[in-house]
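Chain by chain, the residues run as shown.
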Amino acid sequence: MIPCRTFSIVAADPVAGECGVAVASKFLSVGAVVPWARGGVGAIATQSYANTSYGPIGLDLLAKGLTPQAAVDRLTAADPYSAKRQVGVVDMEGRAATFSGPECFPWFGGLTGDHVAVQGNILVGEATVTAMLQAFQTTTGPLADRLLAALKAGDRAGGDRRGKQSAALMVVKPAGGYGGLNDRYLDLRIDDHPHPVDELERLTGLWRLYFTTGWRTSCAKGFAAWGMNRAATARHGTRGIARPSPPSRRWRISRTGSASTGAPITRSSPTSGRN
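Residues numbered from 1 in each chain as written. Predicted model: local features only at pLDDT ≥ 70, side-chain atom pairs only at ≥ 80, totals over all residues. Heavy atoms only, no water.

(A) Main features of the sheet that holds strand β2 (residues 18-25). With antiparallel pairing, the 6 strands of this open sheet are ordered in space as β7-β8-β1-β2-β9-β10. The open sheet has two edge strands, β7 (109-113) and β10 (184-190), and neither has a second partner. This sheet shows a mean twist of 5° between the axes of neighbouring strands, independent of strand direction. In this structure, strand β9 (residues 166-172) lies alongside β10, joined through 6 bridges in antiparallel fashion. By the bridge assignment, Leu169 is partnered in β10 with Leu188. (Pairing = 2+ DSSP bridges. Helix = DSSP H or I, 4+ residues; strand = E, 2+ residues; numbered from the N terminus. Axes fitted to C-alpha atoms, helices over the stretch in contact; angles between N-to-C directions.)

(B) Summary view of the sheet that holds strand β4 (residues 42-47). A sheet is described by the order of its strands in space; here 4 strands give the open sequence β3-β4-β5-β6, paired in antiparallel fashion. In the strand order of this sheet, the two ends are held by β3 (35-38) and β6 (96-100), each with one partner. Here the average twist between neighbouring strands, direction ignored, is 10°. Pairing of β3 with β4, which is carried by 4 bridges, proceeds in the antiparallel orientation.

(C) Inspection of the packing of aromatic side chains at higher detail. Under the defined criterion, the tally for this structure stands at 2 aromatic pairs. Aromatic pair Tyr185 and Trp207: ring centres 5.1 Å apart, planes at 90°, arrangement edge-to-face. On the criterion of sequence distance, the pair formed by Tyr185 in strand β10 and Trp207 in helix α5 (residues 196-211) is long-range, its members being 22 residues apart. For Trp207, a relative accessible area of 10% translates into the label buried. Their ring planes at 70° and their centres at 6.3 Å tell us that Tyr210 and Phe211 sit as a pair that is edge-to-face. The side chain of Lys84 reaches across the aromatic face of Tyr49, ending 5.4 Å from its centre. Here the basic side chain of Arg146 rests over the ring of Phe136, its NZ or CZ set 4.0 Å away from the ring centre. (Phe/Tyr/Trp six-rings, centres within 6.5 Å; stacked < 30°, edge-to-face > 60°. Buried < 20%, exposed > 50% of the residue type's maximum accessible area, 1.4 Å probe, protein only. Lys NZ or Arg CZ within 6 Å of the ring centre and 35° of its normal.)

(D) Representation of the confidence of the model for the protein. Looking at the protein as a whole, the pLDDT averages 85, with 75% of positions reaching at least 70. Contacts of residues 247-275 to residues separated by more than four positions or lying in other chains number 40 contacts, the stretch itself having pLDDT below 50. (pLDDT = per-residue confidence, 0-100. Contact = heavy atoms within 4.5 Å.)

(E) Broad picture of the environment of Leu147. Within the element layout of this structure, Leu147 appears in helix α4 (residues 143-156). Once the C-alpha coordinates of Leu147 and Ala22 are considered, the two residues, 125 residues apart in sequence, prove to be 5.9 Å apart. If we skip the residues at most four places from it in the chain, Leu147 touches Ile9, Ala11, Gly20, Val21, Ala22, Phe136, Leu169, Met170 and Val171.

(F) Just the environment of Lys64, in detail. Structurally, the position occupied by Lys64 is in the loop between α1 (54-63) and α2 (68-77). By relative accessible area, Lys64 is classed as exposed at 67%. Along the sequence, Lys64 and Val41 sit 23 residues apart, while their C-alpha atoms lie 9.4 Å from each other.

(G) Inspection of the packing of α4 against α5 at higher detail. Two elements in contact, α4 and α5, have axes separated by 10 Å at closest approach and are oriented at 165°. When the axis of α4 is compared with that of α5, the two are roughly antiparallel. Like other packed secondary-structure pairs, α4 and α5 cross with a definite hand, here left-handed. Between α4, through Asp145, Leu148, Leu151, Lys152 and Asp155, and α5, the contact on the second element is made entirely by Val197, Leu200, Glu201, Thr204 and Arg208. (Parallel < 35°, antiparallel > 145°, perpendicular 65-115°, else oblique. Left-handed = near helix turned anticlockwise from the far one by under 90°.)

Below, the structure written as structure tokens:
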């Protein structure tokens, strides 16, 4: 087994009903291993010779009413290799716990605060988790912004001492997913990139553009105005009536451009808006 050595944060915003995980590592596709979360229940990061069963089993324990610390105790007690594991857990009441087995590679350790746990192994030093906790606690705004700020702070403070490769950001809330049919509000992964945290920040910006309430409201207003204009044209003819294009014909993000710098904004043909 290749050890998943990394730094991560799990956190919850009970007021918004959100919880999530942010993680980065010198490990291919860290987002496929470390982050686990369930809307209305909590979030878990499992790493360092990661036992991925900690994710679903731990979430089941939280759903049954166990505290994060009790869930960690239950998980590690049943695991004969717990000395190699590292895990962070938070629930929707904002309670948090972190665990680092004594056989994790140094530097390793974690910190907890209200609504948050940060942890890492094979790090440059303790400054990584300290910077992450401070950034989360001093950043305002939506949970996704605070998680990303913490990940960026850990990256700047040294992060994984082997280098950089992948990163991920996940936020869940009940009915928060596409069409309201699941809890996956935000789920972004950078699987292999020389600057994965920077690239994750870029994709988060695109996610805000396409999927946040402000963007949806803007689109809805645009389509409403276009529809009213068409109705007025049908009633009165075209004289004196402006004829804007449908909102979907205005602008879109070009698919050209580099992965690291992002794509330019260009005038283009209509986009369908399909997933």
